[in-house]
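Commentary on secondary and tertiary structure
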Amino acid sequence: MTTLPDAQLYIDGKLRDAAGGATFDVISPWTGEPVGKAADASADDVNEAIAAARRAFDTTDWSTNIEKRVALVKKYRALFERERQRLGQLAIHEAGAAQGAVGRAHVDMALDGWDDYMIVFDKLEWEKDYGEKAAFGMVHKRVGVREAVGVVGAITPWNVPLYVNIGKIVAALLAGCTVILKPAPNTPGMGAIFGELAAEAGFPDGVINVVFGADPALAGEMLVTDPRVDLISFTGSTGVGKRIMEQGAATLKRVFLELGGKSAKIVLDDAPNFTMDVAMTMLVFHAGQGCAVQSRLLVPRSRYEEAKAILKGAYANFGDNWGNVEEPAHIMGPVVSKRQMERVKSYIDLGLEEGATLLAGGKIRSDKGGGFFVEPTCFVDVANDMRIAQEEIFGPVLVVIPFEDDEDAIRIANESSYGLSGGVSGSHDRAINIARRVRTGSMSVNNGMCIAGDIPFGGFKASGMGREWGLEGIEEYTDVKMLAWPVGQVEPA
């Protein structure tokens, strides 16, 4: 198994160890054994990072010098291109990505998203003319100007860390903010590389800072409660998102949250390829560890038995050659940690207790090594009010629910506290009508691609607030200031 280089902090322009030299082990999801070490940031380290970001924003021209920002972000991007192979290794050995998923979701899509940001950034309106208006005997010219929000605390998860780190850091930098990145303790190396390459690119001291530690809450809570931090950009669970809102209220922190999901895929009886659409819902890519995965499959009751037969064959055909780190084509590896494995297994046990039928999988696979392997799992005979249909499992567990007609499908899809993504397959006009009525941030129609770097992504309801990616993703890190000045007197009537 590959040994990863030590992950260092990056604070105020310097790569360094934690104060006092504390470290923690980075555990491989494939073996359950240490695969590297990371600096274990103290409260003093985090405080220094916040102070550096504040100073860089308040005392340098970073927030106003667009040309300088763009040049450095482009140089930064070129350095990440050079490190493609290393980024793939980090995705595999920290996040548990299978070889066949590395390019598609962990590296290529992330770097393509960065390129999309550079394109849409040119469309951002830094000034908007609101025209002239008469008031109090004078004619006034009004102009709106966009400015950077300030210091950003970016708190990111372990599932697709490069993609989410880029989504936050690059948008914030282009907007003119300074950033403290706090990656998950499972994937510190995918955060540390942002500090290492920032140093090489020559960013001004304090513009980018990276801190992480064994305690997932210490740095995050400091960022959320410190008045020197203007905005928190968080991707993760809804429970933590609620806590961030509560803790940030004391300083009226601006909060941008991309949270969990329990998204529905609706396959109608007139879907152009019913068999393919049903089979494609197997939750196996990256072991189902994605907030936007469509983990509830809704199929017509009139074709429910057919759908079950399709899925039974699809899971059988998937085979047992998953979970092999050396297999170049496979898309499923382990879940990220022992804790996550136990959580997923507890939901599988719960599904059986609730009366659902296990169609496939359901076991922890210790025979695949010392890592954290859960079989691809599918439940049928599921009612939408079961906990396995309502709660985010974040693992390779699909639930299949029958519906009576289009109205019933819409009702079931909307009977969820979440609203992040979803999909519908069927005749075009019928599918579009359903897609417009499901309360969710994105809805794929006949497998249309709703996730790309040039379009916004985010959720409704308990799935969060704000949008990442696209022009809207950069605008999240800006505020609008109005300027007005008199240009003449009101002409007498």
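As the structure is a computational prediction, the values presented were derived from the model and not from experiment.

Criteria and cut-off values
- Residues numbered from 1 in each chain as written.
- Predicted model: local features only at pLDDT ≥ 70, side-chain atom pairs only at ≥ 80, totals over all residues.
- Heavy atoms only, no water.
- Buried < 20%, exposed > 50% of the residue type's maximum accessible area, 1.4 Å probe, protein only.
- Helix = DSSP H or I, 4+ residues; strand = E, 2+ residues; numbered from the N terminus.
- Pairing = 2+ DSSP bridges.
- Phe/Tyr/Trp six-rings, centres within 6.5 Å; stacked < 30°, edge-to-face > 60°.
- Lys NZ or Arg CZ within 6 Å of the ring centre and 35° of its normal.
- Salt bridge = Lys/Arg side-chain N within 4 Å of Asp/Glu carboxyl O.
- Polar contact = N/O pair within 3.5 Å; in protein donor to acceptor, adjacent residues only side chain to side chain.
- Contact = heavy atoms within 4.5 Å.
- Axes fitted to C-alpha atoms, helices over the stretch in contact; angles between N-to-C directions.
- Left-handed = near helix turned anticlockwise from the far one by under 90°.
- Nonpolar A, V, L, I, M, F, W, Y, C, P; charged D, E, K, R; others polar.

A few points about the pairing of strand 16 (residues 397-403)
Taken across its seven residues, strand 16 has seven buried, putting it largely inside the fold. Residues V397, V399, I401 and F403 of strand 16 are buried on one face, and the alternating residues L398, V400 and P402, pointing to the opposite face, are buried as well. Here strand 13 (residues 296-300) runs beside strand 16; their pairing, made up of five bridges, is parallel. Across the sheet, P300 pairs through a bridge with F403, a residue of strand 16. As judged from the three bridges shared by strand 15 (residues 377-380) and strand 16, these two strands associate in the parallel manner.

Topic: the packing of aromatic side chains
For the coordinates displayed, the defined rule picks out 14 aromatic pairs. Summarising the aromatic geometry, the rings of Y76 and F80 are spaced 5.2 Å apart at their centres and angled 85° between planes, so their arrangement reads as edge-to-face. Placement of the pair is Y76 and F80 together in helix 2 (residues 66-82), with a separation of four residues, close to one helical turn. On the accessibility criterion, Y76 (0% relative accessible area) is buried. The class for F80 is buried, based on a relative accessible area of 0%. Members of the aromatic cluster, joined through ring pairs, are W62, Y76, F80, W114, F194 and F203. The ring of F274 carries R303 above its face, with NZ or CZ at 3.8 Å from the centroid. For the cation-ring pair, K368 lies above W322, with the distance from its terminal atom to the ring centre recorded as 4.6 Å.

Quick notes on the pattern of salt bridges
According to the stated counting rule, one finds 39 salt bridges in the structure shown. With a closest N to O distance of 3.1 Å, E375 and R365 form a salt bridge. Highlighted residues: E375 in the loop between strand 14 (357-360) and strand 15 and R365 in the loop between strand 14 and strand 15, separated in sequence by ten residues. Accessibility expressed as a relative area gives 12% for R365, which makes it buried. A cluster of three or more residues bridged by salt bridges with shared partners is formed by R77, E81, R84, D108 and D115.

Some thoughts on the side chain of S416
Residue position: S416 is located in the loop between helix 13 (406-414) and strand 17 (418-419). A distance of 3.0 Å separates the side chain of S416 from the backbone nitrogen of Y418, its partner in a polar contact. Sequence-distant contacts of S416, that is, excluding residues within four places in its chain, are made with K262, R296, Q390 and K461.

Regarding the sheet that holds strand 6 (residues 138-148)
Spatially, 5-6-22 is the arrangement adopted by the three strands of the open sheet, whose pairing is antiparallel. In this open sheet, the two edge strands, each paired with only one partner strand, are strand 5 (127-135) and strand 22 (478-489). Each adjacent strand pair in this sheet contributes to an overall mean axis angle of 25°, direction not counted. Bridge count for strand 5 against strand 6 is seven bridges, and the pairing is antiparallel. Each bridged residue has a counterpart across the sheet, and for K128 the counterpart in strand 6 is G144.

Looking at helix 13
Turning to helix 13, its buried residues are D406, D408, A409, I410, I412 and A413. On its buried face, helix 13 sits against strand 12 (264-267), strand 13, strand 16 and helix 14 (428-437). Residue D405 occupies the N-cap position of helix 13, its side-chain oxygen lying 3.3 Å from the main-chain nitrogen of E407.

Points about the side chain of H330
As for its position among the elements, H330 is in the loop between helix 10 (304-318) and helix 11 (338-354). On the basis of relative accessible area, H330 is assigned to the buried category, the value being 12%. Among the polar contacts made by the side chain of H330, one reaches the main-chain amide nitrogen of W322 at a distance of 3.5 Å. Those residues within four positions of H330 in sequence are excluded, and the remaining contacts are A98, Q99, G100, A101, F318, N321 and W322.

Some points on the packing of helix 13 against helix 14
In contact at an axis separation of 10 Å, helix 13 and helix 14 are set at 30° when each is read in the N-to-C sense. Crossing hand, helix 13 versus helix 14: right-handed. For the pair helix 13 and helix 14, the contacting residues are D406, E407, I410 and N414 in the first and R430, I434 and R437 in the second. For the contact of helix 13 with helix 14, a count of residues per class yields two nonpolar, one polar and four charged.

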